[in-house]
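Coordinate analysis (summary)
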Amino acid sequence: AQRVTQPEKLLSVFKGAPVELKCNYSYSGSPELFWYVQYSRQRLQLLLRHISRESIKGFTADLNKGETSFHLKKPFAQEEDSAMYYCALKAPRNRGSTLGRLYFGRGTQLTVWP
Amino acid sequence: DAGITQSPRHKVTETGTPVTLRCHQTENHRYMYWYRQDPGHGLRLIHYSYGVKDTDKGEVSDGYSVSRSKTEDFLLTLESATSSQTSVYFCATTGGTDTQYFGPGTRLTVL
């Protein structure tokens, strides 16, 4: 069964410090991984996806199949990065999964102190 | 925001009363989802729809039903609300790409 684990419920860092939000998954095939972010009083929005290998707002995430991880990293955190971050897994359709279905982790609340 | 709106945005109701939440989208997206967001649980899928009149259960569907009579509307009904259904409810849509677009959420309190 698919599962996404975010071991840290809360994470606090100071501005300018590196930040890493951990995400581990369990899935027997080749999943697609995403990070969604929810800023205060805003709706959830996609931050990045592993297949794009992109950097958004200075954040990057590398899929490590050996460790089944998809950690989100930023070298220098900013106060505006304070938000709730959700890691999500989408199982490919040919595995019989629900089309477009995402499995979310429990989220990590990041606070960046000035 | 993919033109997704939810109504009502806030609701307080009493145990045992029926409640219907509405999700409306203007993007003609095929897929629509209802999630609930609870501290310590993250986002959990309640029901989803892959087309008009085509719906299926998610992981926490007990006590909820849905209907989709038009592409743009996806209704979530709590037949008899309970205090355990106090939560923030999010609707999401996707047009078949990877990205899910979320609505602003509905905060429901069941007394």
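For the structure, check the block above.
Below is a short write-up of the structure.

Conventions adopted
Residues numbered from 1 in each chain as written. Chains lettered and ligands numbered in written order. Predicted model: local features only at pLDDT ≥ 70, side-chain atom pairs only at ≥ 80, totals over all residues. Heavy atoms only, no water. Core = buried A, V, L, I, M, F, W, Y, C linked by side-chain atoms within 4.5 Å. Buried < 20%, exposed > 50% of the residue type's maximum accessible area, 1.4 Å probe, protein only. Helix = DSSP H or I, 4+ residues; strand = E, 2+ residues; numbered from the N terminus. Pairing = 2+ DSSP bridges. Axes fitted to C-alpha atoms, helices over the stretch in contact; angles between N-to-C directions. Salt bridge = Lys/Arg side-chain N within 4 Å of Asp/Glu carboxyl O.

Points about the nonpolar core
The biggest cluster of nonpolar side chains holds 27 residues, and the ones touching the most others in it are A:Trp35, A:Leu72 and A:Tyr85. Of all the secondary-structure elements, those providing two or more residues to this core are β2 (10-14), β3 (19-21), β5 (32-38), β6 (45-49), β9 (83-90) and β11 (108-113) of chain A. The leading source of residues in this core is β9(A), at four residues. Counting 19 residues, the second-largest nonpolar core is a separate cluster that includes A:Phe34, A:Tyr36, A:Ala88 and B:Tyr31.

Topic: the sheet that holds strand β8 (residues 72-74) of chain A
Sheet strands associate in pairs through backbone hydrogen bonding, adopting either a parallel or an antiparallel arrangement. Residue and element names in this part refer to chain A. The antiparallel open sheet is built from three strands, whose spatial order is β3-β8-β7. On the outer flanks of this sheet lie β3 and β7 (60-61), each paired with one strand and no other. Where β3 lies against β8, three bridges are found, and the strand directions are antiparallel. Opposite Leu-21, over in β8, you have Leu-72 as the bridge partner.

Focus: the sheet that holds strand β8 (residues 73-78) of chain B
All names here are of chain B. Spatial ordering of the open sheet is given by β1-β3-β8-β7, a layout of four strands whose pairing is antiparallel. In this open sheet, the two edge strands, each paired with only one partner strand, are β1 (4-7) and β7 (64-70). Across this sheet, the average inter-strand angle for adjacent strands is 20°, counted without regard to direction. Where strand β3 (residues 19-25) meets β8, six bridges bridge the pair, whose relative direction is antiparallel. Paired with Val-19 across the strands is Leu-78, a residue of β8.

As for the pattern of salt bridges
For the coordinates displayed, the defined rule picks out seven salt bridges over all chains. Between A:Glu20 and A:Lys22 there is a salt bridge, with its nearest N and O atoms 3.1 Å apart. Residue A:Lys22 is classed as partly exposed on the basis of its relative accessible area, which comes to 29%. Close ionic contact of B:Arg36 with B:Asp38 constitutes a salt bridge, the shortest N to O distance being 2.7 Å. Residue B:Arg36 shares its accessibility class with B:Asp38, and that shared class is buried. Via salt bridges that share partners, A:Glu20, A:Lys22 and A:Lys73 belong to a single interconnected network.

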